[in-house]
Amino acid sequence: MGLPSIAGAAALRAAVGEWAEGAASASGYDAAVSSSRAAWARLVGVPTSWVAVGSQVSAMLAPVAASLPEGAEVVVPAGDFSSVVFPFLTQRDRGVVVRQVPLAEVADQIRATTSLVAFSLVQSADGRLADLEAILDAARRHGARTVCDTTQAVGWLPVAASSIDVTVCAAYKWLSCPRGVAFASASPEALAWLRPVSAGWYAGETVWESIYGPEMTLAGDARRLDVSPAWLAWVGAAPTLDLLAAAGEGVRWTGVELADGVRRALGMPPANCPILSLADPNGAVERRLREAGCRFATRAGRLRLAFHVWNDEDDVARVVEAVSSGA
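Student: Any chance you could explain the overall build of the chain here in plain terms?
Tutor: Per the secondary structure count, the chain includes 12 helices and 10 strands. Here the chain has a C-alpha radius of gyration of 21 Å; the compact-globule value for 327 residues is 20 Å, and the two agree. By its C-alpha atoms, the chain is 70 × 60 × 35 Å across when sized along the principal axes. Contacts spanning at least 24 positions in sequence make up 67% of the contacts within the chain whose residues lie at least 6 apart. As presented, the chain carries roughly 14,800 Å² of accessible surface, and 53% of it is formed by carbon and sulfur atoms. A distance of 5 Å separates the average location of the 27 positive side-chain charges in the chain from that of its 33 negative side-chain charges.

Here it is, written out as structure tokens:
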């Protein structure tokens, strides 16, 4: 989980206080949602009208999966995060075929029968990067649509979402937002074929005039894919997203430099990625990292460390000492 900005944490504390005092109002949270939507649009380089809001990646991908024609073929990387894969696997009763292929072969595996390719730009388990340009080129040549999960990318890696049909992003990782903040981008062409299966009152053209039936008038832009927001989470998200959207590239690349510093010290090649994946067959490295006070995760049978703007050279030294002390 990303650490909140000082401003984001303060805003969330204040909002909880207002809620506890009975001073909060539902419409009062709209400003935080709108601000967050606009900031994320700036981060990924698309118009705000392309951006939908929600709470989780799988929920944001549900309209994509539901919009597939019967018998469609979907290509995904083997071992990708399940929220990218499960929404398409649930369509198997409609004859949808999901081909799981090695990450390095995704572009080569796209063929004339492929309807859609869905992939994470950066793999959650170990930080491997998908070859975005090769995948997009192959998809264009074969007429396949593209869906990219940018959860492990936006916040440290520049992402141009305008070149992809649909992108999704959970913001509690590199974007340091509270859990329950997620985004999707949909190009106008994608919006034409996407079925808004999660549409509710917040997807209406005029939100506060869409809370009762019987008529349905959905937003004309990507807001038609909105899922009503978990309000308090967005209050904490808005100041942090504004901060990150205004930050320079050097700030966002800090974690890459630190992670590669660990790799150099351990005799590993640089990976140009802030996610560091370490083998630990007997659990000894995990024990030493915990004793050193390091925070990390166990993913796909390996140890996963992620460096970001709150880390520094002292953290590099701490990790290197812990990992190498048993060598």
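That shown, we press on.
Student: For this particular structure, what's the right way to read the pattern of salt bridges?
Tutor: Proximity of charged atoms lets side chains of opposite charge pair with each other. Per the counting criterion, the structure on display carries 12 salt bridges. The salt bridge involving Arg37 is made with Asp226; its shortest N-O contact spans 2.8 Å. In this pair, Arg37 is assigned in helix H2 (residues 30–44) and Asp226 in the loop between helix H7 (188–193) and helix H8 (231–246), connecting sequence segments 189 residues apart. The pair Arg37 / Asp226 is uniform in exposure class, with both members buried. Put simply, Glu205 and Arg223 hold a salt bridge, and the shortest N to O gap is 4.0 Å. With Glu205 in the loop between H7 and H8 and Arg223 in the loop between H7 and H8, the pair connects residues that are 18 residues apart, well separated along the chain. Relative accessible area serves as the criterion here: at 17%, Arg223 is assigned to the buried category. Put simply, Glu73, Arg99 and Arg111 are held in one network by salt bridges that share partners.

Student: For this particular structure, what's the right way to read the sheet that holds strand E9 (residues 297–299)?
Tutor: Neighbouring strands of a sheet are bound in pairs by backbone hydrogen bonds; such pairs are parallel or else antiparallel. Spatial ordering of the open sheet is given by E8-E10-E9, a layout of three strands whose pairing is antiparallel. Taken across any chain shown, the strands that pair with only one partner, and hence form the sheet edges, are strand E8 (275–278) and E9. On average, adjacent strands in this sheet sit at an angle of 35 degrees to one another, irrespective of strand direction. Bridge analysis of E9 against strand E10 (residues 302–306) gives three bridges, and the strand direction is antiparallel. Residue pairing for E10: Thr298 is matched across the bridge by Leu303.

Student: Could you clarify how one ought to interpret the sheet that holds strand E2 (residues 73–77) in this entry?
Tutor: Strands sit in the order E1-E7-E6-E5-E4-E2-E3 across an open sheet of seven strands; the sheet is mixed. The sheet is open, and its two edges are formed by strand E1 (51–54) and strand E3 (97–101), each paired on a single side. Strand-to-strand twist of the sheet, defined as the mean angle between neighbouring strand axes without regard to direction, takes the value 20 degrees. Looking at chain direction, E2 and E3 are connected through five bridges and run parallel.

Student: Help me understand the pairing of E8 in this model?
Tutor: Two faces make up the sheet, and in a regular strand the side chains alternate between them. Side chains Ile275 and Ser277 of E8 all project onto a buried face; the interleaved residues Leu276 and Leu278 project onto the opposite face, where all are buried too. Relative to E10, E8 is paired through four bridges, and the arrangement is antiparallel. Along E10, the bridge assignment pairs Leu276 with Leu305.

Student: Please clarify how a negative patch on the surface should be interpreted in this entry.
Tutor: A cluster of acidic residues, Glu257, Asp312, Glu313 and Asp314, forms a negative patch at the surface. Within the element layout of this structure, Glu257 appears in helix H10 (residues 254–265). The exposure class of Glu257 is exposed, given its relative accessible area of 54%.

Student: Help me understand the packing of helix H1 (residues 6–20) against H8, please; the structure alone is not making it clear to me.
Tutor: The packing of two helices is summarised by the inter-axis angle and the distance between the axes. Contact geometry for H1 and H8: axes closest at 7 Å, N-to-C directions at 150 degrees. Taken as axis vectors, H1 and H8 run roughly antiparallel relative to one another. Between H1 and H8 lies a crossing of right-handed hand. Taken together, the residues of H8 that come into contact with H1 (itself represented by Ala7, Gly8, Ala11, Leu12, Ala15, Val16 and Trp19) are Leu232, Val235, Gly236, Pro239 and Thr240. Considered class by class, the residues forming the contact of H1 with H8 number nine nonpolar, three polar and no charged.

Parameters and conventions
- Residues numbered from 1 in each chain as written.
- Predicted model: local features only at pLDDT ≥ 70, side-chain atom pairs only at ≥ 80, totals over all residues.
- Heavy atoms only, no water.
- Helix = DSSP H or I, 4+ residues; strand = E, 2+ residues; numbered from the N terminus.
- Rg over C-alpha atoms; globule rule 2.2 N^0.38 Å.
- Contact = heavy atoms within 4.5 Å.
- Areas by Shrake-Rupley, 256 points an atom, 1.4 Å probe, with all protein chains shown as cover.
- Lys, Arg positive; Asp, Glu negative; His and termini not counted.
- Charge placed at Lys NZ, Arg CZ, Asp CG, Glu CD.
- Salt bridge = Lys/Arg side-chain N within 4 Å of Asp/Glu carboxyl O.
- Buried < 20%, exposed > 50% of the residue type's maximum accessible area, 1.4 Å probe, protein only.
- Pairing = 2+ DSSP bridges.
- Axes fitted to C-alpha atoms, helices over the stretch in contact; angles between N-to-C directions.
- Patch = residues over 30% accessible without salt bridge, like charges linked within 9 Å, V, L, I, M, F, W, Y side chains within 5 Å.
- Parallel < 35°, antiparallel > 145°, perpendicular 65-115°, else oblique.
- Left-handed = near helix turned anticlockwise from the far one by under 90°.
- Nonpolar A, V, L, I, M, F, W, Y, C, P; charged D, E, K, R; others polar.

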